[in-house]
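Listed below are the residues making up each chain.
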Amino acid sequence: MLQSFLSDQNPYFRLLKWATLLLLPFALVFHFDSINQSTFLWLNNPANTIGSDALWVVLTNFGDGFFLFPLTMLLFVMKPRQQLAVILTILTGALLLNGGKAIIDSLRPAGELGSEMLNIIGPTVRKNSLPSGHTGTVFLLVGLVLAHFKGAIRWWVLLFGALVAFSRIVVGAHWPQDLVWGIWVGILATVIGSTLADRIGSGLKSRLFLLFLTGVCMAFLPFYDNGFPEHFPFLVYWQYALAGLSLVLALATLFTLYKDYVEADLFVEGTLANKLYKLVHRLVKFGLVGATGFVVDMGIYWLMSVALGIPHLVARGGSYWFAASWNWYWNRTFTFNHVEKSRKAPQWIKYLSMCLVSFLPNWGSYYLLTEFVPFFADFKMLAMIAGVLAGMLFNFTFASVFIFATGRDASVREG
């Protein structure tokens, strides 16, 4: 088994080989404490980095499994054959990363140099430095995408992983050497998990386990405290957004399970039950796109207002229309991919016009609930969620009837 694992015929082993060749020079250089420390101090100096503290805090938290898992599921929710690879990679990564920390037990920069001379953003940690757990965790995702996806998404996810890894130096939590080994361990875990998954074969149990993990994230993210919300309260809103994304992903997973294991036996094409199922299925896909758009909306807003210093009202307007355009594109290619495609520019303008109108049920629901229902006056976040849902239902109805209803079904893909 070990021989087949190390064989060039194993496509995942080639990924590990290239990662080792690329990382080995850095591992050798940062093995020298003087270079490791001087590089860290230079990169940790605020004068040598761009972006605000809030931006780096958001990035560094995506190395936390609770934050990263919903994004991982977002990529793999429609890839049931690769979901066992996700599970085994996560389990292998947790074992290797935590085991490495327990065995090596090295000091972090604050533990070795003292926190006074460092730029620490967020909580101060002093022990369990090597390897970087956040870096290893985000490179589980990077490795999975490199192994199971094609196209430009691989480069975008690789860039995202590199920024999350670099953020560990910016916030003062890890040495450069820790990052190098964290990346390598993350890729190693991907290779082991994907190789084992190919031998075992994904099935119902693995998909149910992923559904369970999605439920855990949905339940715990609103209350999760890793030390950063104490210093940056806005991070709680990211957690709400990712919890909402987890909810939509859980519903999408349930529908894929239903489609694969139940629908074929119960539904006959053209029946009322089949039509209702298609309607609800598209509504879930529409909600999934909307959830990702909410994350994009929040991310662009913070990038413009906090990182770039743009006035918050201008930033809010820019982020909203960017997210609306994001939603249009993915609804065109994902939610309503069963209809013939119309011209992009007119359809995009119609979609943005719809978003202008949908502000009324969204804001109106929020206004009525907070003004006339005492419960929602005390829990405005729930009223905001209700407004978002009202706007989503309006958008889905309007989009189904007027925007993505040109022509006939391109194919019967959902029956």
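Just so we're clear, the structure is a prediction, and the values are computed from it rather than from any experiment. (Residues numbered from 1 in each chain as written. Predicted model: local features only at pLDDT ≥ 70, side-chain atom pairs only at ≥ 80, totals over all residues. Heavy atoms only, no water.)

Quick look at the overall build of the protein now. Scanning the protein from N- to C-terminus turns up 17 helices and zero strands. Each of the 415 residues in the protein was classed as buried or not, and the buried ones make up 46%. Considering only contacts within the protein whose residues lie at least 6 apart along the sequence, 77% involve residues at least 24 apart. (Helix = DSSP H or I, 4+ residues; strand = E, 2+ residues; numbered from the N terminus. Buried < 20%, exposed > 50% of the residue type's maximum accessible area, 1.4 Å probe, protein only. Contact = heavy atoms within 4.5 Å.)

This part takes up a nonpolar patch on the surface. Taken together, the side chains of Met218, Leu247, Leu251 and Leu254 make up a nonpolar region of the molecular surface, amounting to roughly 310 Å² of accessible area. No other element matches the three residues that helix H12 (residues 235-266) contributes to the nonpolar patch. The exposure class of methionine 218 is partly exposed, given its relative accessible area of 30%. (Patch = residues over 30% accessible without salt bridge, like charges linked within 9 Å, V, L, I, M, F, W, Y side chains within 5 Å. Areas by Shrake-Rupley, 256 points an atom, 1.4 Å probe, with all protein chains shown as cover. Salt bridge = Lys/Arg side-chain N within 4 Å of Asp/Glu carboxyl O.)

Of note, glutamine 347 is situated in helix H15 (residues 344-372). Owing to a relative accessible area of 4%, glutamine 347 belongs among the buried residues under this scheme. Contact partners of glutamine 347, with chain neighbours within four places excluded, come to Trp328, Arg332, Ser342, Ile403 and Phe404.

The end-to-end C-alpha distance of helix H3 (residues 33-44), which contains twelve residues, comes to 16 Å, matching closely the 16 Å that a straight helix rising 1.5 Å per residue would cover. Every buried residue of H3 is accounted for by Asn36, Phe40, Leu43 and Asn44. Burial along H3 is one-sided: seen end-on, the buried residues are contained in an arc of 95°. In H3, those exposed residues whose orientation departs by more than 90 degrees from the buried face are Ser34 and Trp42. (Expected span 1.5 Å × (residues − 1). Arc of directions from axis to C-beta.)

Among the nonpolar cores identified, the biggest contains 76 residues, and Phe62, Leu235 and Trp238 are the most heavily contacted of them. Of all the elements, H12 adds the most residues to this core, at ten residues. Other than its neighbours up to four places away in sequence, phenylalanine 62 contacts Phe67, Leu68, Leu71, Val138, Phe160, Val164, Trp238 and Leu242. Membership of the second largest hydrophobic core comes to 13 residues, among which are Ala324, Phe336, Leu352 and Ile403. (Core = buried A, V, L, I, M, F, W, Y, C linked by side-chain atoms within 4.5 Å.)

Following the criterion strictly, the structure yields 15 aromatic pairs and no others. Seen in terms of ring centroids, tryptophan 181 and tryptophan 184 are 6.0 Å apart; in terms of plane orientation they differ by 80°. Their pairing is edge-to-face. Residue tryptophan 181 and its partner tryptophan 184 are located together in helix H10 (residues 176-200), separated by three residues, close to a single helical turn. Exposure remark for tryptophan 184: the relative accessible area of 24% places this residue in the partly exposed category. Ring centres of tyrosine 329 and tryptophan 330 lie 5.2 Å apart, and the angle between their planes is 85°; this geometry places the pair in the edge-to-face category. Taking the relative accessible area as the measure of exposure, tyrosine 329 reaches 40% and is therefore partly exposed. Owing to a relative accessible area of 36%, tryptophan 330 belongs among the partly exposed residues under this scheme. (Phe/Tyr/Trp six-rings, centres within 6.5 Å; stacked < 30°, edge-to-face > 60°.)

Tracing the sequence through the fold places glutamate 340 in the loop between helix H14 (312-335) and H15. Of the residues examined, glutamate 340 reaches a relative accessible area of 34% and is grouped as partly exposed. Along the chain, glutamate 340 and phenylalanine 404 lie 64 residues apart, while their C-alpha atoms are 8.4 Å from each other.

Here the bond from leucine 130 into proline 131 is cis, since omega is -5°, no more than 30 degrees from zero. Here proline 131 is to be found in the loop between helix H7 (109-113) and helix H8 (133-148). Of note in this structure, asparagine 128 is not a glycine but carries a positive phi near 55°. With respect to the helices, strands and loops of the structure, asparagine 128 is situated in the loop between H7 and H8.

Between helix H6 (residues 83-104) and H10, the least distance of the axes is 7 Å, while the angle of their chain directions is 140°. Between H6 and H10, the angle is such that the two are oblique. Note that H6 runs across H10; the crossing there is right-handed. On H10, the residues touching Leu84, Ala85, Leu88, Thr89, Thr92, Gly93, Leu96 and Leu97 of H6 are Val185, Leu188, Ala189, Thr190, Ile192, Gly193, Ser194, Leu196, Ala197 and Ile200. Taken together, the residues of the contact of H6 with H10 sort by class into twelve nonpolar, six polar and no charged. (Axes fitted to C-alpha atoms, helices over the stretch in contact; angles between N-to-C directions. Parallel < 35°, antiparallel > 145°, perpendicular 65-115°, else oblique. Left-handed = near helix turned anticlockwise from the far one by under 90°. Nonpolar A, V, L, I, M, F, W, Y, C, P; charged D, E, K, R; others polar.)

Across the protein, pLDDT averages 80, with 83% of residues at or above 70. Confidence drops under pLDDT 50 across residues 406-415; counting only partners more than four residues distant or on other chains, this segment forms 32 contacts. (pLDDT = per-residue confidence, 0-100.)

Tracing the sequence through the fold places threonine 195 in helix H10. Considered as a pair, threonine 195 and alanine 85 are 110 residues apart in the sequence and their alpha carbons are 7.8 Å apart.

Another point: the side chain of threonine 292. One can find threonine 292 in helix H13 (residues 272-307). The contact partners of threonine 292, leaving out residues within four places of it in the chain, are Leu74, Leu245 and Trp326.

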